[in-house]
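The chain contents come next:
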Amino acid sequence: SHTVLDAAWEAGIRYFDAARSYGRSEAFLSSWLNNRQIDPASVTIGSKWGYTYTADWQITLPEGQKHEVKEHSLPVLQRQWRESNVLLGNQLNIYQIHSATQDSGVLENAAVLAELARLRNAGTVVGLSVSGTSQADTLWRALEIEFDGKLLFGSVQATWNMLEQSATAVLRAAHDAGVGVIIKEALANGRLTPRNQSPDFQAKLTLLHKLAQANHTTVDALALAAVLNQSFVDVVLSGAARTEHLHANLAAIHVPWQPDLADCVREMREETAVYWQIRSNLPWN
């Protein structure tokens, strides 16, 4: 973990993203920040609350047991805020609802919203991550929530990539309202890489290969560049687990954006329901 973080730092990356349910991610990040004596003013650290990690590092679990348990209640927010602060303290800049949905009721929970407003007023940027077929609707609702005449949420983390573009309009509105936009799953969980050997995707993958070759880059860098070059995007998460992955992803910064690439982005889009159904069928790894 520290090796990848060192490589990210040396490459100029200054936003680091964690969550209470990402195993020991906050502990790894905290130990790196402390060991390297990173000035808190020089980085932005984001984490999330709402899921409790329960897998104990096991990939295959007994029947009925889950890797993580979701609960968007006030007690969970208060407990996980304390846990995050023990590890990250004044280095924690953004605290996000993990995978907020309208179904969970978190955006209508007065006690939770009031506690988030208290955190915001104390100096923490309050955000939310969204996912699924209704992520756009969830974010539209979040943009309606105000405390003391100001938007409650100062950041959003959403899925946007060449295949899933359904949140474009609301992400643009959020950005225009001053909300920071962080994009996750820019490579569509590996589908926008040569790892995708699905027969149904080979025509699109061939097109991506041709465009990548014409622009002297790789398919994954091209897919990341497509996200980086959207006017409403502030941060794109890499998700790299190894330094070679990180360096490959960073090549996206140097892809010259041209009209033919913008046309490709429009052509690659899938129906929202189809995209999320395929995603739900991907193997857990």
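Below you will find a few notes about this structure. (Residues numbered from 1 in each chain as written. Predicted model: local features only at pLDDT ≥ 70, side-chain atom pairs only at ≥ 80, totals over all residues. Heavy atoms only, no water.)

**Some points on the packing of aromatic side chains**
In step 1: Under the criterion given, the structure shown has 5 aromatic pairs.
In step 2: Seen from their ring centres, W9 and W32 are 6.1 Å apart, and the 70 degrees between their planes marks the pair as edge-to-face. One end of the pair, W9, is in helix α1 (residues 2-10); the other, W32, is in helix α2 (residues 25-35), with 23 residues separating them in the sequence.
In step 3: With centroids separated by 5.2 Å and ring planes inclined at 85 degrees, the aromatic side chains of Y275 and W276 adopt a geometry described as edge-to-face.
In step 4: Three or more aromatic residues joined by ring pairs make a cluster, and in this case those are W9, F16 and W32. (Phe/Tyr/Trp six-rings, centres within 6.5 Å; stacked < 30°, edge-to-face > 60°. Helix = DSSP H or I, 4+ residues; strand = E, 2+ residues; numbered from the N terminus.)

**Some points on helix α7 (residues 202-214)**
In step 1: Over its 13 residues, α7 runs 18 Å from end to end, which matches the ideal 18 Å to within 8%, given 1.5 Å per residue.
In step 2: The set of residues buried in α7 consists of L205, L208, L211 and A212. For α7, the buried positions fall inside an angular range of 125 degrees around the axis, keeping them on one side. Of the residues in α7, the exposed ones pointing more than 90 degrees away from the buried face are A203, K210, Q213 and A214.
In step 3: Buried-residue contacts for α7 involve α8 (219-228) and α10 (259-268).
In step 4: Positive phi appears at H216, one or two residues downstream of α7, with a value of about 55 degrees. (Expected span 1.5 Å × (residues − 1). Buried < 20%, exposed > 50% of the residue type's maximum accessible area, 1.4 Å probe, protein only. Arc of directions from axis to C-beta. Contact = heavy atoms within 4.5 Å.)

**Here we look at the environment of A240**
In step 1: As for its placement among the helices and strands, A240 is situated in the loop between β11 (235-236) and α9 (243-250).
In step 2: Along the chain, A240 and A8 lie 232 residues apart, while their C-alpha atoms are 9.6 Å from each other.
In step 3: Look past the residues within four positions of A240 in its chain and what remains in contact with it is V4, H245, L246 and N249.

**Brief notes about α1**
In step 1: For α1, the complete set of buried residues consists of V4, L5, A7 and A8. Looking straight down α1, one finds that the buried residues subtend no more than 160 degrees of arc, so they occupy a single side. Of the exposed residues in α1, those oriented more than 90 degrees away from the buried face are T3 and E10.
In step 2: Looking at the packing, one finds that the buried side of α1 touches β1 (15-17), α2 and α9.
In step 3: In the stretch just after α1, G12 is the one whose phi turns positive, near 100 degrees.

**Some points on the sheet that holds strand β2 (residues 44-49)**
In step 1: One open sheet accounts for 7 strands, arranged β1-β2-β5-β6-β9-β10-β11; its pairing is parallel. The strands lining the two open edges of the sheet, one partner per strand, are β1 and β11.
In step 2: Two strands pair when backbone bridges link them, and strand β10 (residues 180-184) and β11 are joined in this way by 2 bridges, in the parallel orientation. Each residue of the ladder has a partner; that of I183, found in β11, is V236. (Pairing = 2+ DSSP bridges.)

That's the geometry; what it means functionally is another story.
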